[in-house]
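If you want the building blocks of each chain, they are given just below.
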Amino acid sequence: MSWRTYPAFALWWLFSLLPLCVLYLFSDCLLFPLLYYVVRYRRPLVRRQLSESLPELTPKEHKEIERRYYHTLCDYIVEIIKMMSISPEEMRRRVQFVGVDSLQEMMMAKGKLTNLTCLGHFGNWEWMSSVAMQMTKDFDFAQVYHTLHSRVVDELFRHNRERFGGKCITMKETLRHIIATRQRGRHEIIGLISDQCPKWEAMHQWCDFLHHETSFFIGAEAMGKRLGAVVTYLDVTRPRRGYYRAEVKLITDQPEAYDDYQITELYARMLEQSIRRDPHLWLWTHARWKRTREEWEKRRRKRI
């Protein structure tokens, strides 16, 4: 950690020592009114994406989801602050993982060294890194992440994400890291958040997702096919405030048997089902559909 990070680290750590109940009070009484009423942080974007993605709901229902979403977003912020000092015991109590033991047993039985677990910006995706504590000594855990623009913030988030035994790797390092781990004979679970909007050059396929033509990253599918990895989806719910349940659901243990982009399509369907069940838990302030298929096809024709 660089010297520039220490003041921010100290401030973050001191704030994180507050009990979660106090931080949630801060979320309700300060953060929510500030973001929702004063700053009005991306409210037009959220409102538009909700109405376009869930047209079967009424404006009143959209408004209710919108307010619940901003409360969830504020809770996410204070939960990230708490993550700096939360004890492993409390984190285990607050995040219940279902199916991790079964996944490990299946991989051991079938001789599979690599699992690629896809998830979305759903619930508190940062707390999902605590899965490393739930795994046996035969397994490693790594998470793919995109480097943040601020070096200080990037270092702070990396510290948080690696607190519970996992390792952060960039997308460019992922394949090399997996091959090196496999050469050592180690089993590994790798988490990939796969619902960002890809850059133009990373777009390869489009599917219907929440009433939009949507392109997804295909990294998990491509690596899964190349390595014969087990591909799974992490379905997150929030039974009550401050508590999460994350269930590992199998997509396939034979990715090479699927047509191109079919695994990515299956992931999109599972994520969409989660969003329709708990729409307030998804990251609606992210401009998911800022790039269109029409523009992508136009750019592709120019390259040809």
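Refer to the structure printed above.
Being a predicted model, the structure only gives us computed values, none of them experimental.

A. Broad picture of the environment of arginine 245. Summarising the element assignment, arginine 245 is placed in strand E9 (residues 243-252). You can call arginine 245 partly exposed: its relative accessible area is 29%. Along the sequence, arginine 245 and threonine 214 sit 31 residues apart, while their C-alpha atoms lie 27 Å from each other. Among all residues touching arginine 245, those that are not within four sequence positions of it are Gln96, Val98, Asp235, Val236, Thr237 and Pro239. Within the structure, arginine 245 has its side chain in polar contact with the side chain of glutamate 247 (distance 3.2 Å).

B. Highlighting a nonpolar patch on the surface. Together, Leu34, Tyr37, Val38, Val39 and Tyr41 give the surface a local cluster of nonpolar side chains, amounting to about 470 Å² of exposed area. Tracing the chain through its elements places tyrosine 37 in helix H2 (residues 20-38). Residue tyrosine 37 is classed as partly exposed on the basis of its relative accessible area of 47%.

C. The arrangement of the packing of helix H1 (residues 5-16) against helix H7 (residues 151-161) in detail. Contact pair H1 / H7: the axes reach a minimum separation of 9 Å and the direction vectors enclose 50 degrees. Compared by their axis directions, H1 and H7 come out oblique. Where H1 crosses over H7, the two elements pack in a sense that is right-handed. Across from Thr5, Ala8, Phe9 and Trp12 in H1, the residues of H7 making contact are Val152, Glu155, Leu156, Phe157, His159 and Asn160. Each residue belonging to the contact of H1 with H7 can be placed in one class, and the counts come to six nonpolar, three polar and one charged.

D. Inspection of the pattern of salt bridges at higher detail. Counted by the stated rule, this structure contains 29 salt bridges. Here glutamate 52 makes a salt bridge to arginine 48, at a shortest N to O gap of 3.9 Å. With glutamate 52 and arginine 48 both in helix H3 (residues 43-53) and four residues apart, the pair spans about one turn of that helix. Its relative accessible area of 34% is what places glutamate 52 among the partly exposed residues. Exposure remark for arginine 48: the relative accessible area of 42% places this residue in the partly exposed category. Lysine 137 is paired through a salt bridge with aspartate 138; the nearest N and O atoms lie 3.8 Å apart.

E. Inspection of the packing of H3 against helix H4 (residues 59-82) at higher detail. One can describe the packing of H3 onto H4 by two numbers: an axis separation of 10 Å at closest approach and a directional angle of 130 degrees. One way to sum up the angle between H3 and H4 is to call them oblique. For H3 against H4, the interelement crossing comes out right-handed. Contact residues: Arg43, Val46, Arg47, Leu50 and Ser51 in H3; His62, Lys63, Ile65, Glu66, Tyr69 and Tyr70 in H4. Taken together, the residues that form the contact of H3 with H4 break down as five nonpolar, two polar and four charged.

Calculation rules
- Residues numbered from 1 in each chain as written.
- Predicted model: local features only at pLDDT ≥ 70, side-chain atom pairs only at ≥ 80, totals over all residues.
- Heavy atoms only, no water.
- Helix = DSSP H or I, 4+ residues; strand = E, 2+ residues; numbered from the N terminus.
- Buried < 20%, exposed > 50% of the residue type's maximum accessible area, 1.4 Å probe, protein only.
- Contact = heavy atoms within 4.5 Å.
- Polar contact = N/O pair within 3.5 Å; in protein donor to acceptor, adjacent residues only side chain to side chain.
- Patch = residues over 30% accessible without salt bridge, like charges linked within 9 Å, V, L, I, M, F, W, Y side chains within 5 Å.
- Areas by Shrake-Rupley, 256 points an atom, 1.4 Å probe, with all protein chains shown as cover.
- Salt bridge = Lys/Arg side-chain N within 4 Å of Asp/Glu carboxyl O.
- Axes fitted to C-alpha atoms, helices over the stretch in contact; angles between N-to-C directions.
- Parallel < 35°, antiparallel > 145°, perpendicular 65-115°, else oblique.
- Left-handed = near helix turned anticlockwise from the far one by under 90°.
- Nonpolar A, V, L, I, M, F, W, Y, C, P; charged D, E, K, R; others polar.

Such coordinate-based values are descriptive only and should not be taken to indicate function.
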